[in-house]
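# Reading the structure
Residue strings, one per chain:
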2 protein chains.
Amino acid sequence: MRKLRRHSEVPEATIHRLPRYLEKLKLLQAIGVEDVSSRQLAESLDIKASQLRHDFHYFGGFSRPGRPYQVGKLVPALETIIGVSEPQPVAIIGAGHLGQALANYANMDVQGFPVRGVFDANPRLVGLEIRGQPVRDMDSLEDVISQEGIRIAILTVPAQFAQSVTDRLVKAGIVGIVNFAPTDLKVPKTVAVRNERLAVGIMALSFKVKCILEGDCGIE
Amino acid sequence: MRKLRRHSEVPEATIHRLPRYLEKLKLLQAIGVEDVSSRQLAESLDIKASQLRHDFHYFGGFSRPGRPYQVGKLVPALETIIGVSEPQPVAIIGAGHLGQALANYANMDVQGFPVRGVFDANPRLVGLEIRGQPVRDMDSLEDVISQEGIRIAILTVPAQFAQSVTDRLVKAGIVGIVNFAPTDLKVPKTVAVRNERLAVGIMALSFKVKCILEGDCGIE
DNA sequence: AATCGGGTGTCAACCGATTGACAGGCGGCG
DNA sequence: CGCCGCCTGTCAATCGGTTGACACCCGATT
């Protein structure tokens, strides 16, 4: 990696592709592939090779020119760029069905995001064990976050509680929030939020489905 | 709604905003709001008013010019456009934690997507009741889909089974798939797929978090 | 040693999406 | 009645992302 430009210059669209690159590269690594050309990698991800090179270009010099990328170099480089070169502990707030699903989501650890705290306000859920972790009472939120050095929280509480929980998280020093509640959160500019809205996904799909069923899609 | 252009001309980015418009408008409707200007609506969604008008412009004539939008007109119009003017039954394939979370996801029905079939290959899960619905054996997949007229499937099976299940779904007449498996599915062009990759979301967030922690974000 | 095939880095053209500007409609008020 | 403020529909300018083209590099092969 030659020279890292300021992160702020990396376009949003590129950022969203980085995890996919990493994912695929880890897969290749696992099956013993050492070299991979931009074309191979791009095709397997269904994107254009020029785009992939363009993306990598933001970070510069992953390969000696004229030679394909070396998986063994690329993986740690991408991990560093993305920020998972060492495990990022995360907290899950809300141990409802979705929260439990995520806490159980096998790859969480493997992907570099070990779950270090699951919280819920419902006393009935508190104490329950999920993947060897107890569901904790919301009271301990701040303590656990600071003790474990957690920077990222996953929010799976009902929409009506999302904002107040968020405020607590921000105060407790959380820097990034993955928000599954169907609400827009208000946070200071120093906190990053990513909204995962399940319902939006299925509706956008529904539009296309309608489109297909009505033969209205531009496929002649 | 004056004159509907071909759906294929509606930009992707607009499509992804439509569900958010609908969501917010339903909310407004619920609290009795009748009129809403593009500025109000846009601000509450954190987008520019001009963009909102531009989006609506693809479908034309939601309001008499010079007058604000009427919530009561807009909601059904959007529902028709998105394709949820009548309930779209969906199937969930894979009754693991994520599948169960989605099946339980309260708003599914309300959003216009009643779950009409939950399937799993694991005999231990088959028969389990989720929200009054039994988990069914994969054997009955095709039958249920055709009997219930299901067009949309939500895929929450492990990655290794995703493609073979997809092939069955396509054969059974499914037209849209929301894919939660971390794999790219191969489908005919007449089937729409939307990938929801949970891990990608958290990684993209991690990049920004790193960015914030390193003071490298362009915020001077 | 020269050549060839395949590779990356880089740039400029292209394309789609966002934004700002403004013409024209409507209702309320003096 | 005429004006004023607020509104939408629409278009043009702008911005960001994608794509294709090409210069240059490398190792293998003749």
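Residues numbered from 1 in each chain as written. Chains lettered and ligands numbered in written order. Predicted model: local features only at pLDDT ≥ 70, side-chain atom pairs only at ≥ 80, totals over all residues. Heavy atoms only, no water.

## Details of the environment of methionine 108 of chain B
Tracing the chain through its elements places methionine 108 of chain B in helix 6 (residues 107–110). Relative accessible area serves as the criterion here: at 7%, methionine 108 of chain B is assigned to the buried category. Setting aside residues up to four positions removed in sequence, methionine 108 of chain B forms contacts with Ile202 of chain A together with Val90, Leu102, Phe113, Pro114, Val115 and Ile154 of chain B. (Helix = DSSP H or I, 4+ residues; strand = E, 2+ residues; numbered from the N terminus. Buried < 20%, exposed > 50% of the residue type's maximum accessible area, 1.4 Å probe, protein only. Contact = heavy atoms within 4.5 Å.)

## So, the relation of the copies chain A and chain B
Superposing chain A onto chain B takes a rotation of 180° plus a shift of 0.0 Å along the axis, which leaves an RMSD of 0.0 Å. When the rotation and shift are considered jointly, the pair of chain copies conforms to a two-fold rotation axis. Here 100% of the interface residues in chain A have copies in chain B that are interface residues too; the copies meet face to matching face. (Least-squares fit on C-alpha atoms with pLDDT ≥ 70 in both.)

## Re the protein's contact with DNA strand C
Among the 27 residues in the neighbourhood of DNA strand C, the closest are listed as Ser38, His57 and Tyr69 of chain A together with Arg17 and Gln51 of chain B. The sugar-phosphate share of atoms of DNA strand C within 4 Å of the protein amounts to 75%. The contact in question runs from a phosphate oxygen of DNA strand C to an N or O atom on the side chain of serine 38 of chain A, over 2.6 Å. The separation between a phosphate oxygen of DNA strand C and a polar main-chain atom of glutamate 12 of chain B is 3.4 Å. Where the surface near DNA strand C is concerned, the elements lending two or more residues are helix 2 (38–45) and helix 3 (49–57) of chain A together with helix 1 (12–30) and helix 3 (49–57) of chain B. (Near = heavy atom within 4 Å. Polar contact = N/O pair within 3.5 Å; in protein donor to acceptor, adjacent residues only side chain to side chain.)

## Some remarks on the pattern of salt bridges
Residues and elements named next belong to chain A. Scanning all chains against the criterion turns up 14 salt bridges over all chains. For arginine 194, the salt bridge goes to glutamate 196, with nearest N and O atoms at 2.9 Å. For arginine 194, a relative accessible area of 22% corresponds to the partly exposed category. Accessibility expressed as a relative area gives 7% for glutamate 196, which makes it buried. (Salt bridge = Lys/Arg side-chain N within 4 Å of Asp/Glu carboxyl O.)

## Here we look at the layout of surface pockets
All names here are of chain B. Its volume calculated, the largest pocket comes out at about 1800 Å³. Looking at the lining of the largest pocket element by element, the count peaks at five residues for helix 1. Of the residues in the lining of the largest pocket, the class split is 18 nonpolar, seven polar and 21 charged. (1 Å grid on protein atoms, 1.4 Å probe; cavity = no way out; pocket = protein on both sides within 12 Å on 5 of 7 lines; lining within 4 Å. Points joined across faces, edges and corners; volume = space filled by probe spheres on them. Nonpolar A, V, L, I, M, F, W, Y, C, P; charged D, E, K, R; others polar.)

## Topic: the interface of chain A and chain B
Often, the extent of an interface is quoted as the loss of accessible area upon association of its parts. Across the boundary between the two partners, chain A contributes 70 residues, which contact 70 residues of chain B. Carbon and sulfur atoms make up 69% of the surface buried where chain A meets chain B, a total of about 6200 Å² over both sides. At the surface where chain A touches chain B, the tally comes to four salt bridges. Close ionic contact of glutamate 12 of chain B with lysine 208 of chain A constitutes a salt bridge, the shortest N to O distance being 2.7 Å. Between the two partners, chain A and chain B, sit twelve residue pairs in polar contact (both at pLDDT 80 or more). Where the side of chain A that touches chain B is concerned, the elements lending two or more residues are helix 1 (12–30), helix 2, helix 4 (71–82), helix 5 (97–104), strand 7 (152–155), strand 8 (176–179), strand 9 (192–195) and helix 9 (198–213) of chain A. Examining the composition of the side of chain A that touches chain B, we find that 16 residues originate from one element, helix 9 of chain A, more than from any other. Of the residues that constitute the side of chain A that touches chain B, the class distribution is 40 nonpolar, 16 polar and 14 charged. (Buried area = accessible area lost by both parts, 1.4 Å probe.)

## Quick notes on the sheet that holds strand 8 of chain A
Residues and elements named next belong to chain A. Read from one edge of the open sheet, seven strands run 5-6-4-3-7-8-9, paired in mixed fashion. The open sheet terminates on both sides in strands that have one partner only, identified here as strand 5 (129–130) and strand 9. Sheet topology note: the strand 3 (residues 90–93)/strand 4 (residues 115–120) ladder contains four bridges and is parallel. Following the sheet pairing, alanine 91 is matched in strand 4 by glycine 117. (Pairing = 2+ DSSP bridges.)

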